[in-house]
Amino acid sequence: MIDYKLYIPGPVNVSKETYQAMSSPVMGHRSPDFVELYQKCQPSLQKLFETKDPVFLATSSAWGVMEGAIRNLCQKKVLCCMCGAFSDKWLNVAKRAGKNADPLQVEWGQNIDPAELKSCLETGEYDLVTLVHNETSCGMMNPLKEIMSVLREFPDVISVIDTVSSFSVVSIPKDDWGIDVILTGSQKALAMPPGLALFSVSERAFQRAEQVAGRGYYFDFLEFRSNHTKGMTPSTPVIPLIHALNYTLKKIMDEGVPNRHKRHDHLNQLVHQWVKSKGFELLPKPEFASKSLTCVRNNLNIDVGGFVKTLREEKKISIDGGYGKIKGKTFRISNMGDETVDSINHLISNMDEVLSSFLPA
Ligand SMILES: *Cc1c(COP(=O)(O)O)cnc(C)c1O
């Protein structure tokens, strides 16, 4: 097996220590040992989520909770803010769940405009809004603070915010900004293997869920709440990942949350500087560029596929050659998780070596 170093925007590299933590023994998920493990994670989770509400653990990828939120919270109609692959897909998922749903669509790489969102909500048609904070497909980070201040003007509209690729990279004060549902997954910035989704739900959102029929069982928010009071999950959870979470949270608290944010910001700057120095541009406007990853616009018209393949085969480095309809027109580099100045410099020097043969003569 070849050990590639991953710089794709998820899954990201998982440390040996995290894998070791996963090999702690499983226990009964109704046992005092499990309750202790579950409850040990809560204070750090609440600190990271910047909330007083409970933080729930679902054994699924992030999409489980993204779909679950729609099933739990939409009575009238959902407005899906769409600016890239993940946010676009959420509309489709809402419709598949049998809900009325409308798009608020902007071009991939553009941000959602709070003023435009406001005029949509003023129609009074919507009781739920979905938003991807950091659109991973485009490396674009939406102006969440401004968007949340619009949403707070509409007390009957519940907000569901996907922070899958921004959680723990930047501060997202759930309670202060009035976010109703915030969710993330284990395999992005938390640098754990895939399989665990983490989310927190406001009191307002629970009140809504209580009135919504067809919530199902597996992602029923009320099941999560009642089990949480006992230090448990509704069904048997992925215990090895909860061991990994416990280890990861300790590491994050040891580093210090503000230090973690600063580290990501700095590493992101290093990649941005490289992009500029080569004559490339970012896909989003610089002020909305993600701090978790860099989506490079292929304005130099290089053979992105060849560049990615050569990095992979000759340098054992994996970057992403563009998502969906912008494959080849963009490429993406992650600085999430445990990356350091050394590991990003390692990437940059290898990209430099490989890139020269792909640039126009
Ligand atoms: C990766 C990602 C998802 C999907 O996560 P899964 O864990 O594959 O379900 C959703 N939203 C964003 C922004 C992502 O980056």
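Placed above this text is the structure.
The rules behind each value
- As a convention, each chain's residues are numbered from 1 in the sequence order in which they are written.
- Owing to the predicted nature of the model, reporting of local features is limited to residues with pLDDT of at least 70; listing and counting of side-chain atom pairs is limited to 80 or more, with chain, interface and lining totals taken over all residues.
- Hydrogens and waters are ignored; side-chain quantities use all the structure's heavy atoms.
- For the purposes of this entry, the term helix denotes a DSSP run of H or I that reaches at least four residues, the term strand denotes a run of E that reaches at least two, and both are numbered from the N terminus.
- Only protein chains enter the accessibility calculation, which uses a 1.4 Å probe; a residue whose area is less than 20% of its type maximum is buried, one above 50% is exposed, and one in between is partly exposed.
- Under the rule applied, a polar contact is a pair of N or O atoms within 3.5 Å (in protein, one hydrogen donor and one hydrogen acceptor; residues adjacent in sequence only if both atoms are side-chain atoms).
- By definition in these notes, contact holds between two residues if any of their heavy atoms fall within 4.5 Å.
- Each nonpolar core is a collection of buried residues, namely Ala, Val, Leu, Ile, Met, Phe, Trp, Tyr and Cys, held together in the definition by side-chain atoms within 4.5 Å.
- Domain extents, as shown, originate in an automatic or database domain assignment.
- By salt bridge we mean one thing: a side-chain nitrogen of Lys or Arg within 4 Å of a carboxyl oxygen of Asp or Glu.

What follows is about the side chain of Thr233. Residue placement: Thr233 occurs in the loop between α9 (221-228) and α10 (239-255). Overall, the relative accessible area of 3% leaves Thr233 in the buried class. Looking at Thr233, its side chain comes within polar contact range of the main-chain oxygen of Ser235, at 2.8 Å. Beyond its immediate stretch of four places on either side in the chain, Thr233 contacts Arg30, Phe34, Tyr38, Leu57 and Asn227.

Right, let's get into the nonpolar core. Generally speaking, soluble globular proteins have nonpolar side chains that are buried together. Counting residues in each nonpolar core, the largest one holds 99 residues, and the members touching the most others are Leu73, Leu117 and Leu121. Mapping this core onto the domain boundaries places at least three of its residues in each of domain 1 (5-11 + 256-355) and domain 2 (16-254). Core analysis: the second largest hydrophobic core is formed by 26 residues, Trp274, Val275, Ile333 and Phe358 among them.

Let us now look at the pattern of salt bridges. Tallied over the full model, the rule gives 22 salt bridges. The shortest N-O distance in the salt bridge between Lys174 and Asp53 comes to 2.5 Å. On the criterion of sequence distance, the pair formed by Lys174 in helix α7 (residues 174-177) and Asp53 in the loop between α2 (32-49) and β2 (55-59) is long-range, its members being 121 residues apart. The buried category is assigned to Lys174, whose relative accessible area is 1%. For Lys77, the salt bridge identified is with Glu125, shortest N-O distance 2.7 Å. Highlighted residues: Lys77 in the loop between α3 (62-73) and β3 (78-82) and Glu125 in the loop between α5 (114-121) and β5 (128-132), separated in sequence by 48 residues. The class of Glu125 is partly exposed, set by a relative accessible area of 36%. Several salt bridges share partner residues, and in doing so they unite Asp53, Lys174 and Asp175 into one network.

Here we come to the environment of Ser159. Examined against the element boundaries, Ser159 turns out to sit in strand β8 (residues 158-162). Residue Ser159 is classed as buried on the basis of its relative accessible area, which comes to 1%. For Ser159 and Gln75, which are 84 residues apart along the polypeptide, the C-alpha to C-alpha distance reads 13 Å. Apart from residues lying up to four places away in sequence, Ser159 is in contact with Val129, Met148, Leu151, Gly178, Ile179, Asp180 and Val181.

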